[in-house]
Amino acid sequence: MAGQAQIIDGKAVAEQVRAQVARDVANLKNSHGITPGLAVVIVGEDPASQVYVRNKGKQTTAAGMKSVEHKLPATVSELKLLELVGELNRADDIHGILVQLPLPKHIDAAKVIEAIDPLKDVDGFHPVNVGRLSIGARALVPCTPAGCMILAKTVKPSLEGLDAIVIGRSNIVGKPLAQLLLAAGCTVTVAHSKTRDLPAQVRRADLVMAAVGRPEFVRGDWIKPGAIVIDVGINRVTGADGRDKLVGDVAYDEAAKVAGAITPVPGGVGPMTIACLLRNTLEAARGVAGDVG
Ligand code: NDP
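Residues numbered from 1 in each chain as written. Predicted model: local features only at pLDDT ≥ 70, side-chain atom pairs only at ≥ 80, totals over all residues. Heavy atoms only, no water.

Participant: Would you mind going over the overall build of the protein with me for this structure?
Facilitator: Within the protein, the secondary structure is distributed over 10 helices and 11 strands. For the protein, the C-alpha radius of gyration of 19 Å lies close to 19 Å, the compact-globule estimate for 293 residues. Considering the protein as a whole, with its 293 residues, one finds that 48% of them fall into the buried category. Summing over all exposed atoms, the protein offers an accessible surface of approximately 14,000 Å²; the carbon and sulfur share of this is 53%. Counting 33 positive and 30 negative side-chain charges, the protein places the averaged centre of each group 1 Å from the other. (Helix = DSSP H or I, 4+ residues; strand = E, 2+ residues; numbered from the N terminus. Rg over C-alpha atoms; globule rule 2.2 N^0.38 Å. Buried < 20%, exposed > 50% of the residue type's maximum accessible area, 1.4 Å probe, protein only. Areas by Shrake-Rupley, 256 points an atom, 1.4 Å probe, with all protein chains shown as cover. Lys, Arg positive; Asp, Glu negative; His and termini not counted. Charge placed at Lys NZ, Arg CZ, Asp CG, Glu CD.)

The following block contains the structure:
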């Protein structure tokens, strides 16, 4: 059935998530005298990371939490960074630690992630959280995949029984997303650069989650009519007018004619990532309070 898909408004949903976090933060302060604290560590001057970190700080404070930023020069040694992580692990007023990636080449990112206390690992990248997620135990879940699940559930609160495809198998998006879909009762296909006949795989899916990093890669005629399409991609391209613009991994105009619901780029998955980071920080602080079991 050709039509126009429902547009999933990630900005509005993210605002609701942040508002709920702010209410829960206020309750936690009242009940336990705890103010959740998030420490963000940034190494070097990467402009995109700087903007992202600034937004994180603003939104953390707006939700009533404590926000701490540690800016280190690109030349900082791995040892110094590990020492800082150790200090933050021991700090009672810090419940969430996020080390902004990418890190300079001379620093082993895996080593730094493993140095973070898993209970404070609000990015959900520590092997303990990765493992806990995969066995269905309570874990801090990576923020972007968590945001994708919330958006899909705004269309269909139960995803049970759906055929889902995740395009992309990165550790930060594709793999955790596949775990979350599995936990939600979907039958999950994980596609990647070696997948054969990707369009045919996508055509079978009721739920398509694209995390490829290639502009408008997924075409409209790959989409099963009525499917839910969640586009994680953020790609900067030059438009016909010569100006830079952001597009997703899905050819939006084509896909919106076939899908039942679709996220736009920008304004879809993007805003959910920080909202889920705040949620994770709250959850980490609640863990300290013994508030959640
Ligand atoms: P990666 O580059 O780490 O992973 C890309 C994945 O896509 C890989 O698994 C790769 O397969 C697969 N892939 C590449 N080419 C093809 C192809 N031709 N056919 C099928 N699969 C292919 O990217 P990320 O997971 O980090 O990010 C994906 C996208 O999401 C990017 O656009 C990024 O900007 C965006 N993003 C958005 C966020 C947000 O907040 N909204 C947060 C994080 C990322 P293989 O493993 O075989 O190489």
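Participant: Just checking my understanding: could you explain the sheet that holds strand E4 (residues 96-99) for this structure?
Facilitator: Note: strands within a sheet are paired through backbone hydrogen bonds, in either parallel or antiparallel orientation. The three strands are arranged E3-E2-E4 in an open sheet whose pairing can be described as parallel. Looking at which strands have only one partner, the edges of the open sheet turn out to be strand E3 (66-72) and E4. For this sheet the average axis-to-axis angle between neighbouring strands, irrespective of direction, equals 15°. Seen against the sheet, helix H2 (residues 47-62) touches strand E2 (37-43), E3 and E4 and runs at an angle of roughly 160° to E3. In the packing of helix H3 (residues 78-90) onto the sheet, the strands contacted are E2, E3 and E4, and the crossing angle to E2 comes to about 175°. (Pairing = 2+ DSSP bridges. Axes fitted to C-alpha atoms, helices over the stretch in contact; angles between N-to-C directions. Contact = heavy atoms within 4.5 Å.)

Participant: Where do I start with unusual backbone geometry in this structure?
Facilitator: With the exception of glycine, most residues fall at negative phi, and the peptide bonds are largely trans. The omega torsion across Leu101 and Pro102 is 0°, close enough to zero to call that bond cis. As for its position among the elements, Pro102 is in the loop between E4 and helix H4 (109-115). The omega angle of the peptide bond from Val265 to Pro266 is 0°, so this bond is cis rather than trans. Of note, Pro266 is situated in the loop between strand E11 (261-262) and helix H10 (270-289). We note that Asp197 has phi near 45°; this positive angle belongs to a residue other than glycine. On the secondary structure map, Asp197 appears in the loop between strand E6 (187-191) and helix H8 (198-203). Despite not being glycine, Glu216 has its phi angle at roughly 50°, a positive value. Structurally, Glu216 can be placed in the loop between strand E7 (207-210) and strand E8 (228-231). Using a relative accessible area of 35% as the deciding quantity, one classes Glu216 as partly exposed.

Participant: Honestly, the sheet that holds E11 in this entry has me stumped. Any pointers?
Facilitator: Overall, parallel pairing links the six strands, which are arranged E1-E11-E8-E7-E5-E6 in an open sheet. At either margin of the open sheet sits one strand with a lone partner, and together these are strand E1 (6-7) and E6. Sheet topology note: the E8/E11 ladder contains two bridges and is parallel. Residue pairing in the sheet places Val229 in a bridge with Ile262 of E11. In this fold helix H6 (residues 143-155) packs onto E1, E7, E8 and E11, with an angle of close to 155° to the strand it touches most, E8. Running over the sheet, helix H7 (residues 174-183) touches strand E5 (163-167), E6 and E7 and is turned about 170° from E5.

Participant: Honestly, the site of the ligand in this entry has me stumped. Any pointers?
Facilitator: The local shell around the ligand holds 22 residues, among which Arg169, Ser170, His192, Ser193 and Thr273 are the closest. Between His192 and the ligand, the recorded distance is 3.4 Å, taken from a backbone N or O atom to a nitrogen atom. One nitrogen or oxygen atom from the side chain of Ser193 is found 2.5 Å from an oxygen atom belonging to the ligand. For the ligand, the protein covers 71% of the area, taking 930 Å² as the surface of the free molecule. When grouped by side-chain class, the residues that make up the shell around the ligand number nine nonpolar, 10 polar and three charged. (Near = heavy atom within 4 Å. Polar contact = N/O pair within 3.5 Å; in protein donor to acceptor, adjacent residues only side chain to side chain. Nonpolar A, V, L, I, M, F, W, Y, C, P; charged D, E, K, R; others polar.)

Participant: What is the right way to read the side chain of Gln100 from this model?
Facilitator: Looking at where Gln100 falls in the secondary structure, it is placed in the loop between E4 and H4. One polar contact links Gln100 to Lys56, side chain to side chain, over a distance of 2.6 Å. In this structure Gln100 touches Val41, Ile42, Ser49, Tyr52, Val53 and Lys56, once residues within four positions along its chain are discounted.

Participant: In this structure, what is going on with H6? I would like to understand it.
Facilitator: Helical geometry note: an α-helix holds 3.6 residues per turn, so side chains three or four residues apart project in the same direction. Here H6 contains 13 residues, and its C-alpha end-to-end distance of 19 Å stays within 8% of the 18 Å for a straight helix at 1.5 Å per residue. Within H6, 10 of the 13 residues are buried, which leaves the element mostly enclosed by the surrounding structure. When H6 is considered as a whole, its buried residues turn out to be Cys143, Thr144, Pro145, Ala146, Gly147, Cys148, Met149, Ile150, Leu151 and Ala152. (Expected span 1.5 Å × (residues − 1).)

Interpretation note: all reported values are geometric properties and have no functional meaning in isolation.
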